[in-house]
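Chain by chain, the residues:
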Amino acid sequence: MPDTPAIEVRGVTRLFESRKGFLFREHTRTEALRGVDLAVRSGSIYGLLGPNGAGKTTLVKILSTLLLPTSGSARVLGHDVVEDSEWLRPRIGLVLGGERGLYNRVSARDNLRYFADLYGIPGGEREARIAAVLERVDLLAAADRRVEEFSRGMKQKLHIARGILHRPEVLFLDEPTIGLDPKSARETRKLVRSLVSDGVTILLTTHYMFEAEELCPEIAVLSKGRIVAHDTVAGLRQLVGGDRTLEAEAYGFDDREVDAVRRLPGVSKVVSEEYGPRTRLTLRLRSLQTSPDDVAAALPGHSELSVRERRTSLEDVYLDLVEEEAH
Amino acid sequence: MTTVEVPRISRSRATSASLRLSFLMFMADPQWLIPSMIAPVVFGLVAFELFRGSGPYYLTYAILGAGMMSMWGQTLYGSGWAIGQDREFGTLEPTVQSPTPYVYVVLGRVLWNVISGLIGGGIVYLVVLAAAGSPPAVPDPVGFVVLFVFVMLTLASVGILFSAAWVYTRYSGFIQNVGEFAFYVGTGCMFPVVLLPFWTNPIALIFPPTWALDALRYLAIPGYVGFGWGFWPDIAGAVATTAIYVAIASTVFKRVELHVLSKGDLSDY
Ligand SMILES: Nc1ncnc2c1ncn2[C@@H]1O[C@H](COP(=O)(O)OP(=O)(O)OP(=O)(O)O)[C@@H](O)[C@H]1O
Ligand SMILES: [Mg+2]
């Protein structure tokens, strides 16, 4: 069955109920997921994009058998994440990342030895596999240092090393580059790509649109527990206002000028942002009718005005989607 | 969908990995053993003074009581603490997410605590010995050692069950404190059970170490009067209760896991 998706989510909801206080009990209910549907092809990398609290981690935990859905169902490798968790656990990997989740007082190697044993990696292969995986994440030189001495980026790499040590078929990466400097983040993305070429199916969550754009042919945008869009990168760009974005920058615009720009033909949206003394108007265009020159003409009397056209980035699309949801 | 073969999980290897990790973590920070030794050492010295001159085996008695106190404290506190620590470190999630049933990881942690409790017991022994000036009389040293290990295993079974509470909720300190007190008094590790009011006996009997310890006293202290039924029934009782604890623990852990997966607070601390 080559067509069966590696990950298949149907109508998954998740409700968190918590009680606080002893005498005066306070109930809080959070609907972290409100009916999520998703399908990820085997051997592909799928991006799950969403702002804080959108429900990304919740979904990843459900798919990796760490959390039960309140309703709906999810299958990974054709197996139900609740019913068949025993079958799934050795075949999936989870990288939650962050400062926690590692034994800080022992070395990186001992952390991996422990998890290698929990995953039943054959004793004879263990040391070689650990060395190979440490090499792959570029931690071999620090293998015998205590994890508490590690930088954030090194810890993140160790998290990934643990996640791939048992060679999972499906890997869940929850914000794998959060808190990394640009160089480490780039290395991490390179590593992610190399895993895909090994045939691993990856579901990756991120806040960074460019990261999703760079890594993931297909993307879903999650907002307040719902998927508000899922498509290819090109498809997502089309989804909101076509493919054109114009930016006009000068030392301040008044409301009348912003209105004038908004009334230009084909303009679907104008966002105004301050950059120090300068203001930038970002225009989203649904048609080719308006050119940069037209915009300049609508903003007369600014000696320092610059207008340029740029490619609509996924970030523009993403912000639109998440904002629309917020209204 | 084609899926690759996955290795079979070896429970004993998982348990020894967990034991090894506990040992490594202990070696990284070994001084915490000291505070947990103060009470048993003081108790050992008091018992020594109290029973001094009351027969040739008073020393064994004092050492056994204090040693057990140390071992029990270490097992109970240590087991809860190990899981509390996993919560704190955020390592409970990846551990539970691994294919090894969590109870085997806990078993490794508990075994380490029993071993560190044994180290504590050894320290008590040395201190009381230094105070007494001569080694205690033990009629059957080999049997004593065998039975001692047995007592430790019965202790481990209790430790496992208690640690389930820590997986269940992060608010288990209360259970822990009550459990410790009930154990000290109930099992007669401080006083022989027969000295306690009769109503406490049924409570004492639900702890496997009560039986094992009673058997140990029969062996180590000639003339000891414990439970009326004597040495072998004590052993049988210990085996049976330990088996029940282990059986309960494995189902309890399954349920506890389901509970935490539905609540979703594995990473809270
Ligand atoms: N264990 C929990 N108990 C109660 N509420 C929770 C719990 N875990 C998550 N939530 C709530 O569920 C919602 C979704 O959280 P989740 O962590 O899935 O978001 P996220 O998309 O991963 O956010 P971030 O980008 O900040 O990591 C949030 O409102 C959060 O407060
Ligand atoms: Mg998250």
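Parameters at a glance
Residues numbered from 1 in each chain as written. Chains lettered and ligands numbered in written order. Predicted model: local features only at pLDDT ≥ 70, side-chain atom pairs only at ≥ 80, totals over all residues. Heavy atoms only, no water. Pairing = 2+ DSSP bridges. Helix = DSSP H or I, 4+ residues; strand = E, 2+ residues; numbered from the N terminus. Axes fitted to C-alpha atoms, helices over the stretch in contact; angles between N-to-C directions. Parallel < 35°, antiparallel > 145°, perpendicular 65-115°, else oblique. Left-handed = near helix turned anticlockwise from the far one by under 90°. Contact = heavy atoms within 4.5 Å. Nonpolar A, V, L, I, M, F, W, Y, C, P; charged D, E, K, R; others polar. Buried area = accessible area lost by both parts, 1.4 Å probe. Salt bridge = Lys/Arg side-chain N within 4 Å of Asp/Glu carboxyl O. Polar contact = N/O pair within 3.5 Å; in protein donor to acceptor, adjacent residues only side chain to side chain. Patch = residues over 30% accessible without salt bridge, like charges linked within 9 Å, V, L, I, M, F, W, Y side chains within 5 Å. Areas by Shrake-Rupley, 256 points an atom, 1.4 Å probe, with all protein chains shown as cover. Domains from an automatic or database assignment. Near = heavy atom within 4 Å.

## Thoughts on the pairing of strand β10 (residues 226-232) of chain A
Every other side chain in a regular strand lies on the same face of the sheet, so the side chains alternate between the two faces.
Residue and element names in this part refer to chain A.
Okay, step 1: In this sheet, β10 lies alongside strand β9 (residues 218-223) in antiparallel orientation, the contact comprising 6 bridges. Of the residues in β10, the one forming a bridge with V221 is A229.
Okay, step 2: Between β9 and the antiparallel strand that follows it, β10, lie 2 residues; K224 among them carries a positive phi value of about 50°.

## Side note on the packing of helix α9 (residues 208-220) of chain B against helix α10 (residues 231-263) of chain B
Residues and elements named next belong to chain B.
Okay, step 1: Following both chains from N to C, one finds α9 and α10 inclined at 155°, their axes separated by 7 Å at the closest point. With respect to their mutual orientation, α9 and α10 come out roughly antiparallel. Crossing angle aside, the handedness with which α9 passes α10 is left-handed. Of the residues in α10, those in contact with P208, W211, A212, D214, A215, Y218 and L219 of α9 are F231, P233, D234, I235, G237, A238, T241, T242 and Y245.
Okay, step 2: Looking at the contact of α9 with α10 residue by residue, the class counts come to 11 nonpolar, 3 polar and 2 charged.

## With respect to the interface of chain B and chain A
Okay, step 1: Taken together, the contact between chain B and chain A spans 45 residues of the former and 44 residues of the latter.
Okay, step 2: Both faces considered, chain B and chain A share a buried interface measuring about 3,800 Å² in area, 57% of it formed by carbon and sulfur atoms.
Okay, step 3: If you look at where chain B meets chain A, you find 4 salt bridges.
Okay, step 4: The closest approach of N and O atoms between A:K61 and B:E93, which form a salt bridge, is 2.9 Å.
Okay, step 5: Here chain B is connected to chain A by 18 residue pairs in polar contact (both at pLDDT 80 or more).
Okay, step 6: Looking at the side of chain B that touches chain A, the elements that each hand over two or more residues are α1 (11-28), α3 (58-89), α4 (92-97), α5 (102-132) and α10 of chain B.
Okay, step 7: Counting residues per element, the side of chain B that touches chain A draws most heavily on α1(B), which supplies 9 residues.
Okay, step 8: Its residues assigned to classes, the side of chain B that touches chain A shows 20 nonpolar, 13 polar and 12 charged.

## Brief notes about a nonpolar patch on the surface
Okay, step 1: Together, B:I38, B:V42, B:V46 and B:L50 line one region of the surface with nonpolar side chains, adding up to about 390 Å² of accessible area.
Okay, step 2: As for its position among the elements, B:V42 is in helix α2 (residues 33-51).

## A closer look at the domain arrangement of chain A
Okay, step 1: When the domains of chain A are assigned, the result is domain 1 (7-237) and domain 2 (244-311).
Okay, step 2: Taking the mean C-alpha position of each, domain 1 of chain A and domain 2 of chain A sit 40 Å from one another.

## Some remarks on the site of ligand 1
Okay, step 1: Taken together, 14 residues form the shell around ligand 1, and within it A:G53, A:K56, A:T57, A:T58 and A:H207 come nearest.
Okay, step 2: Residues within reach of ligand 1 are spread across chains A and B.
Okay, step 3: Separating an oxygen atom of ligand 1 from a backbone N or O atom of A:G53 is a distance of 2.8 Å.
Okay, step 4: Relative to its unbound accessible area of 630 Å², ligand 1 is 67% covered by the protein chains.
Okay, step 5: For the shell around ligand 1, the element with the most residues is helix α1 (residues 56-63) of chain A, which contributes 3 residues.
Okay, step 6: The residue makeup of the shell around ligand 1, split by class, is 4 nonpolar, 8 polar and 2 charged.

## What to know about the environment of B:L76
Okay, step 1: With respect to the helices and strands, the residue B:L76 is situated in helix α3.
Okay, step 2: For the pair B:L76 and B:V110, spaced 34 residues apart in sequence, the C-alpha separation works out to 8.5 Å.

## Structural notes on the sheet that holds strand β11 (residues 244-250) of chain A
Residues and elements named next belong to chain A.
Okay, step 1: Read from one edge to the other, the open sheet built from 4 strands follows the order β12-β13-β11-β14, with strand pairing classed as antiparallel. The sheet terminates laterally at β12 (267-275) and β14 (306-311), the two strands that pair on one side only. Strand-to-strand twist across the sheet, computed as the mean angle between neighbouring axes with direction ignored, equals 20°.
Okay, step 2: One ladder, built from 7 bridges, connects β11 with strand β13 (residues 278-285); its direction is antiparallel. Among the inter-strand pairings, T245 is bridged to a residue of β13, identified as R284.

## As for the environment of A:R167
Okay, step 1: Structurally, A:R167 is set in the loop between α5 (152-164) and β7 (170-174).
Okay, step 2: Residues A:R167 and A:V133, 34 residues apart in the sequence, show an inter-C-alpha distance of 9.9 Å.

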